[in-house]
Amino acid sequence: MRISEDWLAVWCGGLLLAVSFAAVWWSNAQLLSELPSTGDAVELSSPLEAWLAKPGSWRSSPLEAFTKISSSRTLPISTIPGIFGAFVVIGVLFALATQLRGNSARDFWIAFPFVFLLATLAYVMAEHSVVAAYNLEYALWALVVGLLISNTVGTPKFLKPAVLTEFYIKTGLVLLGAEVLMSRLLALGLPGIFVAWVVTPIVLVSTYIFGQKVLKMESRSLNMVISADMSVCGVSAAIATAAACRAKKEELSLAIGMSLTFTVIMMVVMPAIIKAVGMDEILGGAWLGGTIDSTGAVAAAGAALGDRALEVAATVKMIQNILIGVVAFAVAVYWVTYVEQDPAGNRLSKMEIWYRFPKFVIGFVLASAIFSLLYVGLNHGPELVDATIKGSTKTLRGWLFCLAFVSIGLETNFRELRPYLRGGKPLLLYVCGQTLNLSLTLFMAWLMFRVIFVGSINQMVP
């Protein structure tokens, strides 16, 4: 198990977090020693920031994506060294992991540059000024790039060793854990918890029952993955749930494809509806955070309403992200004890729940707990943690997610998805479930943020 994909994702993510934090600590040690333990916040930077980057925004020529204006300079600087740095870090780490799993690191290195190039192309497409204005994020373009190849000329066999969808995203989720800080989540207290933790399980269970009892979906695992994807937090929850119920790759691809499609629609339409009906920023932000699947899309939609909406939306979504581990564990228990129960009465071992539980969730939770402690326990902990995340790990997480979406596209062939789309049941399940999600979340957000806790919320979010 120590060299299984889940555990390797934990080790890889943990190593990246440890090295990134140590780099910030050591490079700023002298400055920190000269500062008082209390007082004004100080701005810290990561020495890795210049060596880890992604393409920037551009307007007239794609070449503009490979330059940016530094905050400390007036002349543009190249992002190419940073992009190459991300390529080397991820390539070396995953080549070693591939070798540990008994596969060929050489084959991985032959394929990885091409997959990384496709991810770079997706980033460049997403960073065009017009595209960015419509919030069409890199995940969508990465998926489209991969799908175009797999459904036209077909994915070349030599690329397969670097098409590591789940490994990329599991490692990225461990890095995401460091960004889910408990101290920030407590800022909204009970209102945010009620919106994220009460509505989500109700919607998940209701959607799953609806799929089984009303739509009569043949595949329980597809039903569960779609329900978790739509109700919890999109792709992350889909990956964890698919591992817990052993869903087929085609089922996971279908769920993720629908999630990304509806995410794009919702993050454009919902802010427009909120403005049209005159809903206030705080209530609108809570509604966005509890319903839109992608964290990045939530932030983009919240920013369209204002700073207060962005803060509330992002915090509610982070609170909801914590449910990834809870949902994965619950699904593993349900699948082992009920769905896969032997008709003859023979019960599976309780250890099967542990084997089925996606271990990368442990890395996600540990990263969140450790970085939350560092944030509140160290002198200038907030500055150290923020410099670590903004200067390196957030960039690496973005690359890992982009590589994962490219890989999903390369692995997905519409002909193989056709049996799962028969009768339109998956789409109907998603639409009905999301309708319930939108309604219940809006009601709970109104009840918590505008009725019960209205006074304290106005103080928390000035």
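Every value quoted in this text rests on a predicted model; they were computed, and no experiment measured them.

(A) Representation of the overall build of the chain. Within the chain, the regular secondary structure consists of 23 helices and two strands. Structurally, the chain occupies a C-alpha span of about 70 × 60 × 50 Å along its principal axes. A burial count over the chain gives 52% of its 462 residues as buried. Contacts in the chain between residues far apart in sequence, at least 24 positions, make up 78% of those at least 6 positions apart. When the accessible surface of the chain is split by element, carbon and sulfur atoms take 66% of a total near 20,600 Å². Once the 32 positive and 28 negative side-chain charges of the chain are each reduced to a mean point, those two points are 8 Å apart.

(B) Layout of a nonpolar patch on the surface. Nonpolar side chains collect at one region of the surface, where Phe 84, Val 88, Val 92, Leu 96 and Trp 109 lie side by side and expose about 440 Å² of accessible area between them. In terms of residue count, the dominant contributor to the nonpolar patch is helix H3 (residues 80-100) (four residues). Of note, Leu 96 is situated in helix H3. A relative accessible area of 53% means that Leu 96 is categorised as exposed.

(C) How the structure looks around the packing of aromatic side chains. All chains considered together, the criterion is met by 23 aromatic pairs. The interplanar angle of 20 degrees and the centroid separation of 5.1 Å between the aromatic rings of Phe 108 and Phe 112 together place this pair among those described as stacked. One end of the pair is Phe 108 and the other is Phe 112, both in helix H4 (residues 105-126) and four residues apart, which spans about a single turn. Residue Phe 108 is classed as buried on the basis of its relative accessible area of 0%. In this structure Phe 112 comes out as buried when scored by relative accessible area, which is 0%. Linked through ring pairs, Phe 84, Phe 87, Phe 108, Trp 109, Phe 112, Phe 116, Tyr 123, Tyr 138 and Trp 399 together constitute an aromatic cluster.

(D) The packing of helix H11 (residues 220-233) against helix H12 (residues 235-245), seen in detail. It is at 8 Å that the axes of H11 and H12 come closest, and there the two elements cross at 150 degrees. Here H11 is positioned roughly antiparallel relative to H12, judged by the angle of their axes. Where H11 crosses over H12, the handedness of that crossing is right-handed. In this structure, H11 uses Ser 221, Met 224, Val 225, Ala 228, Asp 229, Val 232 and Cys 233 to contact H12, whose residues at the interface are Val 235, Ser 236, Ala 237, Ala 238, Thr 241, Ala 242 and Cys 245. For the contact of H11 with H12, the class distribution of residues is 10 nonpolar, three polar and one charged.

Quick notes on the rules
- Residues numbered from 1 in each chain as written.
- Predicted model: local features only at pLDDT ≥ 70, side-chain atom pairs only at ≥ 80, totals over all residues.
- Heavy atoms only, no water.
- Helix = DSSP H or I, 4+ residues; strand = E, 2+ residues; numbered from the N terminus.
- Buried < 20%, exposed > 50% of the residue type's maximum accessible area, 1.4 Å probe, protein only.
- Contact = heavy atoms within 4.5 Å.
- Areas by Shrake-Rupley, 256 points an atom, 1.4 Å probe, with all protein chains shown as cover.
- Lys, Arg positive; Asp, Glu negative; His and termini not counted.
- Charge placed at Lys NZ, Arg CZ, Asp CG, Glu CD.
- Patch = residues over 30% accessible without salt bridge, like charges linked within 9 Å, V, L, I, M, F, W, Y side chains within 5 Å.
- Salt bridge = Lys/Arg side-chain N within 4 Å of Asp/Glu carboxyl O.
- Phe/Tyr/Trp six-rings, centres within 6.5 Å; stacked < 30°, edge-to-face > 60°.
- Axes fitted to C-alpha atoms, helices over the stretch in contact; angles between N-to-C directions.
- Parallel < 35°, antiparallel > 145°, perpendicular 65-115°, else oblique.
- Left-handed = near helix turned anticlockwise from the far one by under 90°.
- Nonpolar A, V, L, I, M, F, W, Y, C, P; charged D, E, K, R; others polar.

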